[in-house]
Amino acid sequence: MSLTPDAPPPPFADAGLLKQAMRRLVGGVVVVTAGSGEDRVGLTATSAVSLSVDPPTMLVCVNRASSTWPVIVKRQHFCVSILAAGHRPVAERFAGIGALRGPARYAGAEWTTMASGASGLTEAQAIIDCDLEEVIERHSHAILLGAVREVRLGGEAAGALVYGRGSFIDLSPP
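Residues numbered from 1 in each chain as written. Predicted model: local features only at pLDDT ≥ 70, side-chain atom pairs only at ≥ 80, totals over all residues. Heavy atoms only, no water.

Novice: Would you take a moment to explain the pattern of salt bridges for this structure?
Specialist: Two side chains with opposite charge may pair up if their charged atoms get near one another. In this structure the tally under the stated criterion is five salt bridges. Its salt-bridge partner being Arg75, residue Asp39 comes within 3.1 Å of it at the nearest N-O pair. Of the two residues, Asp39 is situated in the loop between β2 (30–34) and β3 (41–45) and Arg75 in helix α2 (residues 68–75); the sequence distance between them amounts to 36 residues. Judged by its relative accessible area of 30%, Arg75 falls in the partly exposed class. Here Arg152 ties to Glu150 by a salt bridge, and the two come within 2.8 Å at their closest N and O atoms. Bridged by salt links that share partners, the residues Asp39, Lys74 and Arg75 form one connected network. (Salt bridge = Lys/Arg side-chain N within 4 Å of Asp/Glu carboxyl O. Helix = DSSP H or I, 4+ residues; strand = E, 2+ residues; numbered from the N terminus. Buried < 20%, exposed > 50% of the residue type's maximum accessible area, 1.4 Å probe, protein only.)

Novice: Sorry if this is basic, but what is going on with unusual backbone geometry here?
Specialist: Across the chain, the bulk of peptide bonds are trans and the bulk of non-glycine residues have phi less than zero. The step from Asp54 to Pro55 runs through a cis peptide bond, and the omega angle for that step is 0°. The phi torsion at Gln76 lies on the positive side, around 60°, for a residue other than glycine. Take Gln76: it is sitting in the loop between α2 and β6 (77–82). You can call Gln76 partly exposed: its relative accessible area is 39%.

Novice: Which parts of the structure should I look at to understand the side chain of Thr57?
Specialist: Its place among the elements puts Thr57 in strand β5 (residues 56–63). A relative accessible area of 6% means that Thr57 is categorised as buried. Apart from the residues lying within four places of it in its own chain, the contact partners of Thr57 are Ser50, Leu51, Ser52, Glu133, Gly146 and Val148. (Contact = heavy atoms within 4.5 Å.)

Novice: Would you mind going over the pairing of β6 with me for this structure?
Specialist: Taken residue by residue, a regular strand's side chains alternate between the two faces of the sheet. With five of its six residues buried, β6 lies for the most part within the structure. Examined bridge by bridge, β2 and β6 share four bridges and lie antiparallel to one another. Each bridged residue has a counterpart across the sheet, and for Val32 the counterpart in β6 is Val80. Examined bridge by bridge, β6 and strand β9 (residues 126–138) share six bridges and lie antiparallel to one another. Paired with Phe78 across the two strands is Cys130, which belongs to β9. (Pairing = 2+ DSSP bridges.)

Novice: What is the right way to look at the sheet that holds β2 in this model?
Specialist: Strand-to-strand pairing in sheets goes through backbone hydrogen bonds, with the strands running parallel or antiparallel. If you walk across this open sheet you meet the seven strands as β3-β2-β6-β9-β10-β5-β4, and the pairing is antiparallel. Pairing within the sheet leaves two strands with one partner each, and these edge strands are β3 and β4 (48–53). Here the strands of the sheet are splayed against their neighbours by 30° on average, with no regard to which way each runs. In terms of strand pairing, β2 meets β3 through five bridges, oriented antiparallel. Residue Val30 lies in a different strand from β3, and its bridge partner there is Ala45. (Axes fitted to C-alpha atoms, helices over the stretch in contact; angles between N-to-C directions.)

Novice: When you look at the nonpolar core in this model, what are you seeing that I'm missing?
Specialist: A general feature of soluble globular proteins is that nonpolar side chains tend to end up buried together. With 20 residues, the main nonpolar core has Val32, Val60, Val62, Ile72, Phe78, Val80 and Leu144 as its most contacted residues. If you list the elements that add at least two residues to this core, you get β2, β3, β5, α2, β6, β9 and β10 (141–153). Residues within four places of Val32 in sequence aside, it is in contact with Val41, Gly42, Leu43, Ala45, Val60, Thr68, Ile72, Phe78, Cys79 and Val80. One finds Cys79, Leu83, Ala91 and Leu121 within the second-largest nonpolar core, a separate group that totals 16 residues. (Core = buried A, V, L, I, M, F, W, Y, C linked by side-chain atoms within 4.5 Å.)

Novice: What am I meant to see in the state of the cysteines here?
Specialist: As used here, a disulfide is simply a covalent bond connecting the sulfur atoms of two cysteines. Tallying each qualifying case throughout the model produces zero disulfides. Left without a disulfide partner, Cys61 is nearest to the cysteine sulfur of Cys130, which lies 13 Å away. (Disulfide = S-S within 2.5 Å.)

Novice: In this structure, what is going on with a nonpolar patch on the surface? I would like to understand it.
Specialist: A contiguous nonpolar patch, built from Leu18, Met22 and Leu25 and spanning about 320 Å² of accessible area, is present on the exposed surface. Looking at where Leu25 falls in the secondary structure, it is placed in the loop between α1 (15–23) and β1 (27–28). (Patch = residues over 30% accessible without salt bridge, like charges linked within 9 Å, V, L, I, M, F, W, Y side chains within 5 Å. Areas by Shrake-Rupley, 256 points an atom, 1.4 Å probe, with all protein chains shown as cover.)

Structure representation (structure tokens):
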């Protein structure tokens, strides 16, 4: 659908209803990290997908009001750790539960330094390290396109951590 220059913009739907609707979509949980040392930051997200495998590219959406956004822009990298069942405490810390910020969110888990300099969760199902390739800013968020530099796989036996209906849920294999 394309709009003519003189056409009024379409009306926006109710934001609260959209939020409620999207909470019904169950999604995998990741932690997106950037920076190093005392400049380490990160956030919990469900908006991370592979855009392409040829070339390997990730797509991640980040709120531009988050403390992670300026570090991603400054460092030109980000790392995606795909969380496993049992990683709820990590997801909660990086979601801001407990009011921890910056490097304090990394406490209580083991991290490894990736090629970009960002940290990946050692026990994650997978760690995907990216150079920031392109940013598309729309409304409150930035769509990040990342050129994948390095991928590390964790154990296959671990279940997944997902988010739905406003809660983190462990999906363990039968």
